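The primary structure of each chain is shown beneath.
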Amino acid sequence: NSPHLAVFRLEVYRVVTSLVPSGGILSLLLVLPGLFSLGLKIERRIGSAEFGFLIFVPLIAMNVAFDLICAIAFFATNSYIWTSLSCGSQYDLLFFLLSVDCLFFSDPSEKRRISCLPCGFETRHYPFWVLGLVSLLFGPNPSFFWSVAVGYAYSHGKLNFLKPKRAAPERWEREGGFLENFAARPGWTVGCSGGGLNAEIEGGDGAAWGARVVA
C-alpha cells in the first residue's frame, strides 16, 4: 500500500490486502513467529471476534490516513518522495500489535528485554526501544513510526471510535449473529461483554478479560 498506488492509481484495495502477510521466505520467517505469539495472546484475552476487528478496522484506517497525509504532503511540496512511501506491511501490523499489547494488555511497570541487549525496559516504553533498534540496524521507516504512534493512540483511548461497542462482539457470536457458526467451532475464542477493547483495564491477567476457548 502506497499513495502512488492507492490514491493516484485508484488501487484502493491495497489498504486491505496489504495487511495479509507476504514477501519472501526470510521475511515471513522473521515476522510470523512474532505475529503468532502476539496474536494468540491478545485473541485469548478479548476473543476471536474482537481480535479480528482489532486487526482490520484500525489498520485499514491507519493505511487510509497515511495515504491521505502523504498525498496532501505531495501536493504541498511537489516532492515525489511522499508518493513512494508505503504502509500496511506485516511489519507495520507487528509494531501495532506490539504497542497495543504493551500498553493495553500488560503491566506498564513490568520490564521486558530485547534479546541482544543486557538491560530491560519498562513495558510502556518497550515499543519505542524496539523501533529504535530496528531503525538503527535497517534504517528509519516512516510507516513503522506511524504504526507505533497509532498503537499508542489506540491504547490510550484516542481512537475509541474505531473500537466496537461493548456488547457488539457478543451479539455477533450468539444465535442469529453473523458469526454464530464460527463461535461454535473448536478453537474459536468467545469473548465477554464485560471485557475486551472497551474495558477500563490497563494490564492484568487473562482471567480478567473473561474470554474462553471453545473446546
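See the structure above.
Residues numbered from 1 in each chain as written. Predicted model: local features only at pLDDT ≥ 70, side-chain atom pairs only at ≥ 80, totals over all residues. Heavy atoms only, no water.

Trainee: What am I meant to see in the overall build of the protein here?
Mentor: Check the secondary structure of the protein and you find ten helices and four strands. Burial status across the protein gives 44% buried among its 215 residues. With an accessible surface of roughly 11500 Å², the protein has 65% of that area assigned to carbon and sulfur atoms. (Helix = DSSP H or I, 4+ residues; strand = E, 2+ residues; numbered from the N terminus. Buried < 20%, exposed > 50% of the residue type's maximum accessible area, 1.4 Å probe, protein only. Areas by Shrake-Rupley, 256 points an atom, 1.4 Å probe, with all protein chains shown as cover.)

Trainee: Would you take a moment to explain a nonpolar patch on the surface for this structure?
Mentor: A contiguous nonpolar surface patch, about 420 Å² in accessible area, is contributed by Leu 136, Leu 137 and Phe 138. Assessed through its relative accessible area of 56%, Leu 137 is described here as exposed. (Patch = residues over 30% accessible without salt bridge, like charges linked within 9 Å, V, L, I, M, F, W, Y side chains within 5 Å. Salt bridge = Lys/Arg side-chain N within 4 Å of Asp/Glu carboxyl O.)

Trainee: Could you clarify how one ought to interpret unusual backbone geometry in this entry?
Mentor: Leaving glycine out, the prevailing phi sign among residues is negative, and the prevailing peptide bond configuration is trans. At Leu 10, a position not held by glycine, the phi torsion is positive, near 60 degrees. Relative to the assigned elements, Leu 10 resides in the loop between helix H1 (3-8) and helix H2 (14-17). At Asn 78, a residue that is not glycine, the phi angle is positive and equals roughly 60 degrees. Its location among the elements puts Asn 78 in the loop between helix H4 (48-77) and helix H5 (81-84).

Trainee: Would you take a moment to explain the side chain of Ser 48 for this structure?
Mentor: Tracing the backbone through its elements, the reader meets Ser 48 in helix H4. Here Ser 48 falls in the buried class, since its relative accessible area comes to 9%.

Trainee: How do you make sense of the packing of helix H3 (residues 25-46) against H4 when you look at a structure like this?
Mentor: Between two packed helices, both the angle of their axes relative to each other and the distance between the axes serve to describe the pair. At a minimum axis separation of 7 Å, H3 and H4 run at an interaxial angle of 130 degrees. With respect to H4, the axis of H3 lies oblique. Our pair here, H3 against H4, has a crossing hand that is right-handed. Every residue of H4 that contacts H3 at Gly 39, Ile 42, Glu 43 and Ile 46 is listed here: Ser 48, Glu 50, Phe 51 and Leu 54. A breakdown of the residues in the contact of H3 with H4 according to their chemical character gives four nonpolar, two polar and two charged. (Axes fitted to C-alpha atoms, helices over the stretch in contact; angles between N-to-C directions. Parallel < 35°, antiparallel > 145°, perpendicular 65-115°, else oblique. Left-handed = near helix turned anticlockwise from the far one by under 90°. Contact = heavy atoms within 4.5 Å. Nonpolar A, V, L, I, M, F, W, Y, C, P; charged D, E, K, R; others polar.)

Trainee: Please clarify how helix H6 (residues 90-104) should be interpreted in this entry.
Mentor: Residues three or four positions apart in an α-helix share a direction because the helix packs 3.6 residues into each turn. Between its first and last C-alpha, H6 extends 21 Å over 15 residues, near the 21 Å set by a 1.5 Å rise per residue. In terms of burial, H6 is largely enclosed, as 13 of its 15 residues are buried. (Expected span 1.5 Å × (residues − 1).)

Trainee: For this particular structure, what's the right way to read the state of the cysteines?
Mentor: Disulfides are covalent bonds that connect the sulfur atoms of two cysteines. Applying the stated criterion across every chain, the model contains zero disulfides. As a non-bridged cysteine, Cys 70 has Cys 87 as the owner of its nearest cysteine sulfur, 8.2 Å distant. What makes Cys 70 buried here is its relative accessible area of 3%. (Disulfide = S-S within 2.5 Å.)

Trainee: Any chance you could explain the environment of Glu 110 here in plain terms?
Mentor: In this structure, Glu 110 sits in the loop between H6 and strand E1 (111-113). A residue is classified by how much of its surface remains accessible, and Glu 110, at 35% relative accessible area, is partly exposed. Along the backbone, Glu 110 and Phe 121 are eleven residues apart, and their C-alpha atoms lie at a distance of 8.1 Å.

Trainee: Where do I start with the nonpolar core in this structure?
Mentor: The tendency in soluble globular proteins is for nonpolar side chains to be buried side by side. By size, the foremost hydrophobic cluster in this structure holds 37 residues, and its most contacted members are Ile 42, Leu 54, Phe 96, Leu 97, Tyr 126 and Tyr 154. For this core, the elements supplying multiple residues, two or more each, are H3, H4, H6, helix H7 (126-138) and helix H8 (142-155). With nine residues, H6 is the largest single contributor of residues to this core. Leave out the neighbours within four places in its chain, and Leu 97 touches Leu 35, Leu 38, Ile 42, Leu 54 and Ile 55. Core analysis: the next-biggest nonpolar cluster, separate from the first, contains eight residues, Ala 49, Ala 168, Trp 188 and Val 190 among them. (Core = buried A, V, L, I, M, F, W, Y, C linked by side-chain atoms within 4.5 Å.)

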